[in-house]
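Structural overview for review
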Amino acid sequence: MKAAILRAPNSKVGIEDRKRPTPGPAELLIRVRACDVCHGDLLLQQGGFPFARFPVVPGHEVAGEIAEVGEGVQWLKPGMRVGVSALYSACGQNKRCLGGDEILCAQGWEFTGVTKDGGYQEFMLASGSYVAPLPDTLDFAEAAPLMCAGSWEGAGSWWGPDLSQRQLMVRVAAYTVRKRRPCCG
Ligand SMILES: [Zn+2]
Ligand SMILES: [Zn+2]
């Protein structure tokens, strides 16, 4: 499969052939259908994320279909349309995570396309507990950017008065992202 790889900060992204990854326990293999470009991708390329792990496949605003499920994954099935959270995974156990603010978790935090290979490739791995099923009315290209903005806006106090249409959209996005639930019993 083809993957766009950034080997080091301040270098160019190169297209390379890679072996399709195999999902491990509680992981999914996603067939990427859309992956947005975010200012975060530019920051990554410019060396703005000291915690990035190079070489890395950028892209953290991903929507696609489940191609394969790893051991232990129960309710997510091949063929389901999902968005992959920009927050690749977090500890899942502390107060932040249990309270639904896992984007603020400081323990075991992994970021899609920064510390884990992201969506600028044909297939990618995702954590089975950090994907959101997509409504049929939302197409892949519309859903992809919500996986970043929706995660951040979903954290903390995003309920406010006088919501414009745009803010309303973000609320829908946050809801979509938060609809995810653990993949394994
Ligand atoms: Zn983003
Ligand atoms: Zn946590």
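Scroll up a little and you will see the structure.
Residues numbered from 1 in each chain as written. Chains lettered and ligands numbered in written order. Predicted model: local features only at pLDDT ≥ 70, side-chain atom pairs only at ≥ 80, totals over all residues.

Counting 42 residues, the largest nonpolar core has Leu 28, Ile 30, Val 62, Ala 126 and Met 147 as its most contacted members. Looking at this core, the elements with two or more residues in it are strand 3 (27-35), strand 4 (62-69), strand 5 (81-84), strand 6 (87-89), strand 8 (123-127), strand 9 (131-133) and helix 4 (146-154). When residues of this core are assigned to their parent elements, the largest contribution, five residues, is made by strand 3. (Core = buried A, V, L, I, M, F, W, Y, C linked by C-beta atoms within 7 Å. Buried ≥ 20, exposed ≤ 12 C-beta atoms within 10 Å, placed from the backbone. Helix = DSSP H or I, 4+ residues; strand = E, 2+ residues; numbered from the N terminus.)

In this section: the sheet that holds strand 4. Read across the open sheet, the five strands follow the order 8-3-4-5-9; overall the sheet is antiparallel. The open sheet has two free edges, formed respectively by strand 8 and strand 9, since each of these has just one partner strand. Within this sheet the neighbouring strands show an average axis-to-axis angle of 45 degrees, counted without direction. Looking at chain direction, strand 3 and strand 8 are connected through five bridges and run antiparallel. Residue pairing in the sheet places Ile 30 in a bridge with Met 124 of strand 8. (Pairing = 2+ DSSP bridges. Axes fitted to C-alpha atoms, helices over the stretch in contact; angles between N-to-C directions.)

Here we come to the environment of Gln 45. Mapped onto the fold, Gln 45 is located in helix 1 (residues 39-45). For the pair Gln 45 and Ala 8, spaced 37 residues apart in sequence, the C-alpha to C-alpha distance is 7.8 Å. Those residues in contact with Gln 45 that lie beyond four places of it in its chain are Leu 6 and Pro 9. (Contact = placed C-beta atoms within 7 Å.)

In this model, Phe 54 is joined to Pro 55 through a cis peptide bond whose omega is -5 degrees. Topologically, Pro 55 is positioned in the loop between helix 1 and strand 4. Unusually for a residue other than glycine, Asn 10 sits at a positive phi of about 60 degrees. Note that Asn 10 resides in the loop between strand 1 (2-5) and strand 2 (14-17). By the C-beta count within 10 Å, which is 8 here, Asn 10 ends up exposed. One non-glycine residue, Ala 26, lies in positive phi territory at about 65 degrees. Relative to the helices and strands, Ala 26 resides in the loop between strand 2 and strand 3.

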